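# Geometric and topological summary
So the chains spell out like this:
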There are 2 protein chains.
Amino acid sequence: MVQTENQTVVPANDEAISLGRLNDFTGFWLRRSINVMATDFGEAMQGTGMRPTLVSIMAVIDANPGLNQGQLGRALSIQRANMVSLVGGLMDRGLVERRDVPGDKRAFALHLTPDGEAMLAECFRRVEAHEEKMLAEISSGEKARLIELLQRICAEG
Amino acid sequence: MVQTENQTVVPANDEAISLGRLNDFTGFWLRRSINVMATDFGEAMQGTGMRPTLVSIMAVIDANPGLNQGQLGRALSIQRANMVSLVGGLMDRGLVERRDVPGDKRAFALHLTPDGEAMLAECFRRVEAHEEKMLAEISSGEKARLIELLQRICAEG
DNA sequence: TATTGTTATACTCTATAACTATA
DNA sequence: TATAGTTATAGAGTATAACAATA
């Protein structure tokens, strides 16, 4: 072993497998949490065809009607190149529309369609139920502090 | 808008873009944190050819020498099918070895090689520096609570 | 019948480089 | 020259189905 562990290291003849040093790595638990969350998110969204990234895109368009894809991408840390097919898919489904910008022929002003508004409202309802389920053992005060800690990590990027 | 927001919604003529309801979604901040962490992790591991998943695999082999791929996959929530190329790559690099299991001709007993031990020790050093950097604004007590909260989320999966 | 390891495949998310048309 | 949108491509991570060998 790389380093003597204080933690119980169970012989590997069973399903009692130790995670070793991973126990103390925040990044490991972040990845694991996201994995668990993503699985339930997918189930919660069944039938909508919506994924986490698509919901976040529609949420930001809803909160900032008329913004363009570049602004949208920067707000969500999504590369412009990747925004194309993401927004394009939402347009093909009639959930988002691109309008011309009077002063700038390069950019499009993004808006949700009425169908998009309805879809986003439905997604929000499902995401709320999903979050309540995943955070069943976490109080609302703890959730607020959890988010605040995560935001501090994001601020390092 | 789907729902009246109390938060400031800035007109989209600038880079002051509101995240709207996303602000209150734990899953959104988890994904965002992981994204920021992954970028720095990659920089921290430069030259090693190691990625988060590979480090976690080697860490668990190190903590449970002789376990097989199925146990390893279950411990890390990695599908058996995906373990093949992951462990295979580490074998090709001489960091992991598969030994025959006396009582079971189906399974392999996984061990780190001396090179693997050295690589893992180096990875642990780099991961620790990486975590210290990313959690610079988070105290050790807060980090412990953060991990504990994340573990509670994982327990829902 | 169940399990180990495996192959093949596909989808999501992310990343980079290079192009066009406008500004 | 800088920016908005685009195309093409690649890599990492995850997921499922199906197979052979063994238990």
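For the structure given in this document, a descriptive report is provided here. Fair warning: this is a prediction, and the values are worked out from it, not measured in the lab. (Residues numbered from 1 in each chain as written. Chains lettered and ligands numbered in written order. Predicted model: local features only at pLDDT ≥ 70, side-chain atom pairs only at ≥ 80, totals over all residues. Heavy atoms only, no water.)

The next point concerns the protein's contact with DNA strand D. Of all residues adjacent to DNA strand D, which total 23 residues, the nearest are A:Gly70, A:Arg106, B:Arg51, B:Asn82 and B:Lys105. The share of sugar and phosphate among atoms of DNA strand D within 4 Å of the protein is 63%. A distance of 2.6 Å separates a base nitrogen of DNA strand D from a polar side-chain atom of B:Asn82. Residues that form the surface near DNA strand D fall into these classes: six nonpolar, nine polar and eight charged. (Near = heavy atom within 4 Å. Polar contact = N/O pair within 3.5 Å; in protein donor to acceptor, adjacent residues only side chain to side chain. Nonpolar A, V, L, I, M, F, W, Y, C, P; charged D, E, K, R; others polar.)

Here we take up the packing of helix 2 (residues 52–63) of chain A against helix 5 (residues 114–134) of chain A. Residues and elements named next belong to chain A. Remark: helix 2 packs on helix 5, axes separated minimally by 10 Å, with the N-to-C direction vectors making an angle of 120 degrees. Classed by the angle they form, the pair helix 2 and helix 5 counts as oblique. Helix 5 is crossed by helix 2, and the crossing has left-handed handedness. Between helix 2, through Val55, Met58, Ala59 and Asp62, and helix 5, the contact on the second element is made entirely by Gly116, Glu117, Met119, Leu120, Cys123 and Phe124. (Axes fitted to C-alpha atoms, helices over the stretch in contact; angles between N-to-C directions. Helix = DSSP H or I, 4+ residues; strand = E, 2+ residues; numbered from the N terminus. Parallel < 35°, antiparallel > 145°, perpendicular 65-115°, else oblique. Left-handed = near helix turned anticlockwise from the far one by under 90°. Contact = heavy atoms within 4.5 Å.)

Our focus in this paragraph is the interface of chain B and chain A. Between chain B and chain A, the residue contacts involve 72 residues of the former and 72 residues of the latter. In total, about 6,600 Å² of surface goes out of reach between chain B and chain A, with carbon and sulfur atoms giving 65% of it. Linking chain B with chain A are four salt bridges. Between B:Glu128 and A:Arg21 there is a salt bridge; the shortest N-O distance is 2.3 Å. At the boundary of chain B with chain A, the tally comes to 20 residue pairs in polar contact (both at pLDDT 80 or more). Here the side of chain B that touches chain A takes 12 residues from helix 1 (residues 26–44) of chain B, the largest share from any one element. For the side of chain B that touches chain A, the per-class residue count stands at 38 nonpolar, 16 polar and 18 charged. (Buried area = accessible area lost by both parts, 1.4 Å probe. Salt bridge = Lys/Arg side-chain N within 4 Å of Asp/Glu carboxyl O.)

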